[in-house]
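Each chain is listed here by its residues.
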Amino acid sequence: MKKILLPTDFSRNAYNACEYAMKLFTDEECVFYLVHTYTPVVYQPEYMLGNPGQIPLGDEYQANALMQLEELQATLTTQFNNPKHLFVPHASFNLLVNEVLQLVENENADLVVMGTKGATGAKEILLGTQTVHLIKKATCPVIAIPSGFEYETPKEILFPTDYEVDYEKEQLQELLDIAKKHISSIEVMHVSTGNELTEEQVENQQKLNYLLAETAHLFHDLPSQGIIDAINNFQLKKRMNLLVMIKNKHTFFERLFIEPVIKKIGFHITIPFMVIPEPKK
């Protein structure tokens, strides 16, 4: 049974991500952890040290959070009425990223699906601080859903890569599962740097081709350009339903978050964005 974490702040944006997960895995047995974290605006250092005088404050926040999680669970159960889906409400006094990472480890979670607010009301992803931190630290795939995105079956999946990754089947399993269940086509996109592929890159490409053997896929080599430009230009020619990248410190993915311009304007994508963690060592 697949285990999926659904972080929520009870906003419409977060609920939209829950809806996406329900529809994406409608035919699969899943346990969904509805995760909410809270940090009181004002609290004394003694609270964190377990001072009895501060305990009622924590109880009040937790009780309120659990009540809202139970309401969310009831809404999802009523709306989708799927006997294959189970829900586990989880509220904690913690920072969201820390709690999600701990849950992923404790529950051996397969995936995190979360909403992220668009910029100036636009229906697109603007990767905020929490999202970036979670993506950087997560040990399982994370799917970020643009604000207001209406569900589309991921029939066309865009997979940009520079072939600097030694692909492993376990690492790509969630992508392979999604592609198999939805009879998807994976468009592998490589942006040229002006140089020939190294021997290692060629070997990695061949390995990727082998791992995708049972999935419809095509390899695309694009002329030198910025990765975001390449993604946007590709979508102008063919509508994609899901963007998937592997996070690796040696690839262009990491540079998306250290370039000053990207830090200022965010990473704007109009479709769900799945990030696969770097290979386990």
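Cut-offs and rules
- Residues numbered from 1 in each chain as written.
- Predicted model: local features only at pLDDT ≥ 70, side-chain atom pairs only at ≥ 80, totals over all residues.
- Heavy atoms only, no water.
- Helix = DSSP H or I, 4+ residues; strand = E, 2+ residues; numbered from the N terminus.
- Buried < 20%, exposed > 50% of the residue type's maximum accessible area, 1.4 Å probe, protein only.
- Expected span 1.5 Å × (residues − 1).
- Phe/Tyr/Trp six-rings, centres within 6.5 Å; stacked < 30°, edge-to-face > 60°.
- Patch = residues over 30% accessible without salt bridge, like charges linked within 9 Å, V, L, I, M, F, W, Y side chains within 5 Å.
- Areas by Shrake-Rupley, 256 points an atom, 1.4 Å probe, with all protein chains shown as cover.
- Salt bridge = Lys/Arg side-chain N within 4 Å of Asp/Glu carboxyl O.
- Lys, Arg positive; Asp, Glu negative; His and termini not counted.
- Charge placed at Lys NZ, Arg CZ, Asp CG, Glu CD.
- Core = buried A, V, L, I, M, F, W, Y, C linked by side-chain atoms within 4.5 Å.
- Contact = heavy atoms within 4.5 Å.
- Pairing = 2+ DSSP bridges.
- Axes fitted to C-alpha atoms, helices over the stretch in contact; angles between N-to-C directions.

(A) Expanded view of the environment of Asn232. By the element assignment, Asn232 lies in helix 8 (residues 227–237). Residue Asn232 is classed as partly exposed on the basis of its relative accessible area, which comes to 34%. Residues Asn232 and Thr270, spaced 38 residues apart in sequence, show a C-alpha to C-alpha distance of 9.6 Å.

(B) Main features of helix 1 (residues 12–24). Helix length check: helix 1, at 13 residues, gives a terminal C-alpha distance of 18 Å against a target of 18 Å (1.5 Å per residue), a fit within 8%. Judged by how many residues are buried, helix 1 sits mostly within the fold: 11 of 13 residues are covered. Within helix 1 the residues assigned to the buried category are Asn13, Ala14, Tyr15, Asn16, Ala17, Cys18, Glu19, Tyr20, Ala21, Met22 and Leu24.

(C) Here's a closer look at the packing of aromatic side chains. With the rule as written, the count across this model stands at six aromatic pairs. Between the aromatic rings of Phe32 and Phe87, the centroid separation amounts to 5.8 Å while the plane-to-plane angle is 25°, which identifies the pairing as stacked. In this pair, Phe32 is assigned in strand 2 (residues 30–38) and Phe87 in strand 3 (residues 85–93), connecting sequence segments 55 residues apart. Taking relative accessible area as the criterion, Phe32 reaches 0% and is therefore assigned buried. Measuring from centroid to centroid gives 6.1 Å for Tyr38 and Tyr61, while their planes differ by 5°, and the two rings are stacked. Of this pair, Tyr38 sits in strand 2 while Tyr61 sits in helix 3 (residues 55–80); the two residues are 23 residues apart in sequence, bridging distant segments of the chain. On the accessibility criterion, Tyr38 (9% relative accessible area) is buried. A network of ring pairs unites the aromatic residues Tyr20, Phe149 and Tyr151 as a single cluster.

(D) Quick peek at a negative patch on the surface. Among the surface-exposed residues, Glu164, Glu199, Glu200 and Glu203 lie close enough to one another that they form a single negatively charged patch. For Glu164, the location among the structural elements is in the loop between strand 6 (156–160) and helix 6 (169–181).

(E) Expanded view of the nonpolar core. One finds Leu6, Val113, Phe159, Tyr167, Leu172 and Met189 to be the most contacted residues of the largest nonpolar core, which totals 78 residues. Not counting residues up to four positions away in its chain, the partners in contact with Tyr167 are Phe159, Thr161, Leu172, Asn204, Lys207, Leu208, Leu211 and Ile246.

(F) Expanded view of the sheet that holds strand 5 (residues 142–146). Pairing within the open sheet is mixed, and its 10 strands lie in the order 3-2-1-4-5-10-9-6-7-8. The sheet is open, and its two edges are formed by strand 3 and strand 8 (216–222), each paired on a single side. For this sheet the average axis-to-axis angle between neighbouring strands, irrespective of direction, equals 20°. Examined bridge by bridge, strand 1 (residues 2–7) and strand 2 share six bridges and lie parallel to one another. Among the inter-strand pairings, Leu5 is bridged to a residue of strand 2, identified as Tyr33. Where helix 4 (residues 96–107) meets the sheet, its contacts fall on strand 1, strand 2, strand 3 and strand 4 (111–116), and the angle it forms with strand 1 comes to roughly 170°. Docked against the sheet, helix 7 (residues 199–211) engages strand 6, strand 7 (185–191) and strand 8, running at close to 155° with respect to strand 8.

(G) Quick peek at unusual backbone geometry. Notably, Asn81 is not glycine yet its phi reads approximately 45°, a positive angle. One can find Asn81 in the loop between helix 3 and strand 3. Using a relative accessible area of 61% as the deciding quantity, one classes Asn81 as exposed. Non-glycine residue Tyr163 carries a positive phi angle of around 60°. Along the polypeptide, Tyr163 turns up in the loop between strand 6 and helix 6. We classify Tyr163 as buried; its relative accessible area is 0%.

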